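Listed here are the chains, written in short residue letters.
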Amino acid sequence: MSPLTHRGPSLSPGRRRPRLLPLTSGWLLGGAVAAGLGLGLSAVVVLLLWTVSPYPVGGADEALRTAADLWLLAHGAQLVRQEALTGSVAPVGVTPLLLTAVPVWLLWRATREALDARPTADDDYGPSEVAVWVSGGYLLVTAAVLASAAGGPLEAEPVSAACHLPLFALLVTGLCAVRCLPPHALARSRAGLLARLPDPARTRLRAALRPVTRERVIVAVQAAGTATVVLCAGGAALLAAALVWNARAVFGSFPQFAGSASGYLGLLLLTVALLPNAALWAASYVLGPGFTLGAGSVAGPLATTAAPPLPPFPLLAAVPEEGSGSVPEWCLTGLVPLLGGLLCGWWVGRSEVAVGPESSPGPGSGPGPRPGPGRAPRGGPVRRATVVTVLLAAVFCGAVMALLTASASGPLGDGALAHVGPRWWQAGGAACAWMAAVGLPTALWVGWWTRYRTRRATAAAAQAVRAAVLSARGYGPDPAWHTDEVRRARWSVMKSASGGLMPDFAPDDFDGHRGLERSAAGEAERERRSTPPSAPRTDADRPAPAPERPLPGRDAVAPGAPRGGTSPCGDTPPCGDVPSPADARPSAGAAPPADVPARPDETVPAAPAK
């Protein structure tokens, strides 16, 4: 905190109160310092070029006046050139946006520091009052600069400066103050404004603003910001590709426009300062309307008409040649707004406005989630919320693109050059149409898919919880039923109950030998199968079937029977012991049952020679 904003002790008796004059004067001084820093940076650059120039025009006072004019032009004020080639006054209104970034950053920082120095317990000065005080200090310096820069060959137009400078200062400080407001301050301000209206107007306005909730506005602003960044980045990429493609013409324009090293340096700085303007022109080009270079000419993806004679400026070398565009050019330029619309719809479709908060289990002791206040909405309300949010995002994106393109264009003279650059209403309308046409179906589909996956995950989680609860209570499948030992025992019982109709082989083992196991019976079976058949099979060669025994895991003990000595059959002793896997397998030399007739067509392998 600076000494000017320090709340010193009061000399008057009684309750101590802060000294308000040093606090407000500190805010006023902060705005003036921000304006002075921006003006000083412009003066340093212009004086450097004036110093290294071999043939300077005028003295140091003319250089300082030019620096002041450039600083005013960075705020959006329109300059007027008195000594034009045609003899009349020629306006210059194309603002280099890179120069505008410097005063924006300085003014934002001054407002932020003033808000941080504001006493938290003092309710007399809110963020809006702080923004007004900082803007007042900034405008005092601009008024002095405007008065001192008048009378030169290039001066600021008074009406344009009176409109743009206060608007610029209040817009930057106001945005900084809104960012520092509490979460529900805007809602309270809106309610206060509505309370002052008459009853019929208030009722109609509330009904119109009911779909515009705070959550939807936040999501719409985020989606619009993402889409705007994509459009500007796509325009910058297109500009870079065009400059690289026409690199020879770009570098060839420097000797035609300047003849000395200082002229090269000044042209290079001017080109760099106008790069954001060219990127916005390219963004308007990919949106469809394109831009104009004067005299009613249009440079767009569909067609490029003839432009008036222009100076050999490096950025103008990237303008496409006269003629109609081709289908590949249309597809390439359409990818940028298509990607912006897809990202806008994806952002809205994955937000809580279109999906709702995550499902949370409601009250109750039963397993699985129950419908509660956290369930995701379905049906019509979700679609209406998604449509409203996407349309808000499209309007915000169109408004931002209109503001940016209006700042990047303007007059460079009278007559044919009365307007150069994109038309703000065309660029804003095209951005709004692209975002609504592409973002709306994308948001609806992404929202439906996200809700579908959420419902599937919720159902799977509920089923898992229900199965775990039933298993803990003693119901459900027995894990022992699916073990290898029990499967072999079941196979032996079914084979013995079939009366010899089932083939005589064992289940597959894990080492790749089909029908054989790692046991003594398996080795004997391998030897028996490896020898060729020699004699027909008789009843004495057939293995005896294993006695019928209950299956372990399910038939060993019934669910309702006691687990003691009483069997489910009603007898005191159990029906039978559960056979082990070794007992369930028939031995190789066991005799077949007497009631099974022999099949003479079958053969058995002969015993191996010993």
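Residues numbered from 1 in each chain as written. Predicted model: local features only at pLDDT ≥ 70, side-chain atom pairs only at ≥ 80, totals over all residues. Heavy atoms only, no water.

A short note on the state of the cysteines
Argument step 1. For the structure on display, the rule yields zero disulfides.
Argument step 2. Among the cysteines around Cys-344, which has no disulfide bond, Cys-397 carries the closest sulfur, lying 7.0 Å off.
Argument step 3. Given a relative accessible area of 0%, Cys-344 falls into the buried group. (Disulfide = S-S within 2.5 Å. Buried < 20%, exposed > 50% of the residue type's maximum accessible area, 1.4 Å probe, protein only.)

Observations concerning the packing of helix α10 (residues 261-273) against helix α11 (residues 275-287)
Argument step 1. Running from amino to carboxyl end, α10 crosses α11 at an angle of 45°, the nearest separation of the two axes being 4 Å. By the angle between their directions, the pair α10 and α11 is classed as oblique. In contact with Thr-271, Val-272 and Ala-273 of α10, α11 contributes Leu-275, Pro-276 and Asn-277.
Argument step 2. Within the contact of α10 with α11, the residues separate by chemical class into four nonpolar, two polar and no charged. (Axes fitted to C-alpha atoms, helices over the stretch in contact; angles between N-to-C directions. Helix = DSSP H or I, 4+ residues; strand = E, 2+ residues; numbered from the N terminus. Parallel < 35°, antiparallel > 145°, perpendicular 65-115°, else oblique. Contact = heavy atoms within 4.5 Å. Nonpolar A, V, L, I, M, F, W, Y, C, P; charged D, E, K, R; others polar.)

Quick look at the sheet that holds strand β2 (residues 90-92)
Argument step 1. With antiparallel pairing, three strands are arranged side by side in an open sheet as β2-β1-β3. A single partner strand is all that each edge strand has here, and the edge strands are β2 and β3 (154-156). Within the sheet, the average angular offset between the axes of one strand and its neighbour, ignoring direction, is 30°.
Argument step 2. As paired elements, strand β1 (residues 79-81) and β3 share three bridges and run antiparallel to each other. Paired with Leu-79 across the bridge in β3 is Ala-156.
Argument step 3. Here helix α2 (residues 60-74) sits on the sheet and contacts β1, β2 and β3; the angle it forms with β3, its principal contact strand, is near 40°. (Pairing = 2+ DSSP bridges.)

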